[in-house]
Amino acid sequence: MPLDVTPYDALLLLSFGGPEKPDDVVPFLENVTRGRGIPRERLEEVGEHYFLFGGRSPINDQNRALLAAIGEDLAGAGIDLPVYWGNRNWTPYLADTLRQMTADGVRRAAVLTTSAYSSYSSCRQYRENLADAVAEVPGAPRLDRLRQYFNHPGFVEPVVDATLAALAELPDAVREQARLVFVTHSIPVAMAEGSGPDGDAYVVQHGSVAAEVVERMRQETGRRHPHDLVYCSRSGPPQVPWLMPDVNDHLEALDGQGVPAVVLIPVGFVSDHMEVIYDLDTEALATAKRLGLPAARAATPGIDPRFVAMVRDLLAERAAVERGEDATRQAVGSMGPWREVCAPGCCANPRGQRPALCGSD
């Protein structure tokens, strides 16, 4: 018997978006930073990161691959459910996707965001985007966002295996002494402190995942590697505090301490976004090379079959909840499964309250 996913008649993949060609870069960055007063010269400077890769972000192609993999996985499980894709900041825009879903007769859809953790920018802002799009599209379907999945085994287990594989790339002489450097996107300190229903969820969630990966690696290798949580992609005015340390500064510090090797683990990302291929593969590995510090970068989950199957699991879980049935919620590590519906005030908008779907406020 196929899994019962009623009351849903569609699944929506919601992501950040990215430019597809050089002419898209600055307009895309204007979308991302709208309302923040960032001068065009600064946007053009940031755009150079994209121009290094032909003016094309990898994120849209990765979403296309994930979309196809999810569709195949659902079909293989006997679930006949259309899968749609919409973006926050570039085509296909979320409102346009909702128009297509409405025209196709979709009445109620589950929503998966390509962000695993809780903060304003990685959770509530997507919920605000959903509310804006629904308000813009007459007759739009009801949308239920699937829960944050930072500690779902379908996300964590690929990270463990990718870290083991990266560790194996290091020279034999330094492998056992390698330090694990978990990397995620920096956000303003105030945003981090306001994340989750009780505050500090963003850092705590990452710390829980990192600790679980380290423990599972100990079980595989017999050694508990020292580890750190660091950040990349800081932006915004210098007077505003953001989460630190920066990955490059941290590599400098580790080298000064005599650490013999590192594994860079992009634990904050589900696939090889620009922050991974530029901040880590370009900048951080260049820093390590300059220091003479052996380094390897672990892969992101991408379309690992376990990550793709996680989507089906979250869908079935939420469907059971909506039908009023008991649901098995998978989670690993020190924290339990995250709630389906966000609490009042969770991950508050630092610029003022705005309508947001999939929450109780």
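A. Representation of the overall build of the protein in the model. The number of helices and strands found in the protein is 12 helices and eight strands. Against the 2.2 N^0.38 benchmark of 21 Å for 361 residues, the protein shows a C-alpha radius of gyration of 20 Å, consistent with a compact globule. Dimensions of the protein, computed from C-alpha atoms along their principal axes, come out at roughly 60 × 50 × 40 Å. Burial analysis of the protein (361 residues in total) assigns 53% to the buried set.

B. View of the side chain of Ser-186. Secondary-structure assignment places Ser-186 in the loop between strand S5 (179–185) and helix H8 (189–193). When sequence neighbours within four positions are dropped, the list of residues in contact with Ser-186 reads Tyr-231, Cys-232, Arg-234, Trp-242 and Leu-243.

C. Spatial organisation of the nonpolar core. Leu-11, Tyr-117, Tyr-149, Phe-155, Phe-182, Val-213 and Ile-265 are the most contacted members of the largest nonpolar core, which has 62 residues in total. Broken down by element, the residue count for this core peaks at eight residues, all from helix H6 (residues 153–169). Filtering out sequence-adjacent residues up to four positions away, Leu-11 remains in contact with Ile-70, Leu-74, Leu-81, Pro-82, Val-83, Tyr-84, Ala-110, Val-111, Leu-112, Leu-146 and Val-311. In this structure, Tyr-84, Met-101, Tyr-126 and Val-137 belong to the second largest nonpolar core, which totals 18 residues.

D. The sheet that holds strand S3 (residues 108–113), seen in detail. Strand order in the open sheet formed by four strands is S2-S1-S3-S4, and the pairing between neighbours is parallel. Taken across any chain shown, the strands that pair with only one partner, and hence form the sheet edges, are strand S2 (83–87) and strand S4 (142–145). Adjacent strand axes in the sheet meet at a mean angle of 30°, parallel and antiparallel pairs treated alike. Packed on one face of the sheet, helix H4 (residues 94–103) meets strand S1 (10–15), S2, S3 and S4 and runs near 155° to S2.

E. How the structure looks around the environment of Leu-11. For Leu-11, the position within the fold is in strand S1. In the structure, Leu-11 is positioned 101 residues away from Leu-112 in sequence and 7.6 Å away in space, judged by C-alpha atoms.

F. Representation of the state of the cysteines. Under the definition given, this model contains zero disulfides. The structure places no disulfide on Cys-358, whose sulfur is separated from the nearest cysteine sulfur, that of Cys-342, by 7.5 Å.

G. Molecular detail of the pairing of S4. One ladder, built from four bridges, connects S3 with S4; its direction is parallel. Paired with Ala-109 across the two strands is Leu-143, which belongs to S4. In this region the chain leaves S3, passes through helix H5 (residues 120–136) and returns to the parallel neighbour S4; the handedness of that crossover is right-handed.

H. Broad picture of the pattern of salt bridges. In the structure shown here, the tally under the stated rule is 31 salt bridges. We note a salt bridge from Asp-144 to Arg-108, for which the minimum N-O separation is 2.8 Å. A residue pair is termed long-range when its members are at least 10 positions apart, and Asp-144 in strand S4 and Arg-108 in strand S3 qualify at 36 residues. On the basis of relative accessibility, which here comes to 5%, the residue Asp-144 falls in the buried class. Taking the shortest distance from any N to any O, the salt bridge between Glu-128 and Arg-124 comes out at 3.9 Å. With a gap of four residues between them, Glu-128 and Arg-124 both fall in helix H5, about one helical turn apart. For Arg-124, a relative accessible area of 3% puts it in the buried group. Connected through shared salt-bridge partners, Arg-108, Arg-142, Asp-144, Arg-318 and Glu-322 make up one network.

I. Main features of the sheet that holds strand S7 (residues 262–265). As summarised here, the arrangement of the four strands in space is S6-S5-S7-S8, forming an open sheet in which the pairing is parallel. Single-partner strands in this sheet number two, and they are strand S6 (227–232) and strand S8 (295–297). Each adjacent strand pair in this sheet contributes to an overall mean axis angle of 25°, direction not counted. Looking at chain direction, S5 and S7 are connected through four bridges and run parallel. Bridging across to S7, Leu-180 finds its partner in Val-263. Set on the sheet, helix H9 (residues 201–221) makes contact with S5 and S6; between it and S5 the angle comes to about 150°.

The rules behind each value
Residues numbered from 1 in each chain as written. Predicted model: local features only at pLDDT ≥ 70, side-chain atom pairs only at ≥ 80, totals over all residues. Heavy atoms only, no water. Helix = DSSP H or I, 4+ residues; strand = E, 2+ residues; numbered from the N terminus. Rg over C-alpha atoms; globule rule 2.2 N^0.38 Å. Buried < 20%, exposed > 50% of the residue type's maximum accessible area, 1.4 Å probe, protein only. Contact = heavy atoms within 4.5 Å. Core = buried A, V, L, I, M, F, W, Y, C linked by side-chain atoms within 4.5 Å. Pairing = 2+ DSSP bridges. Axes fitted to C-alpha atoms, helices over the stretch in contact; angles between N-to-C directions. Disulfide = S-S within 2.5 Å. Right-handed = clockwise from strand over helix to strand, strands pointing away. Salt bridge = Lys/Arg side-chain N within 4 Å of Asp/Glu carboxyl O.

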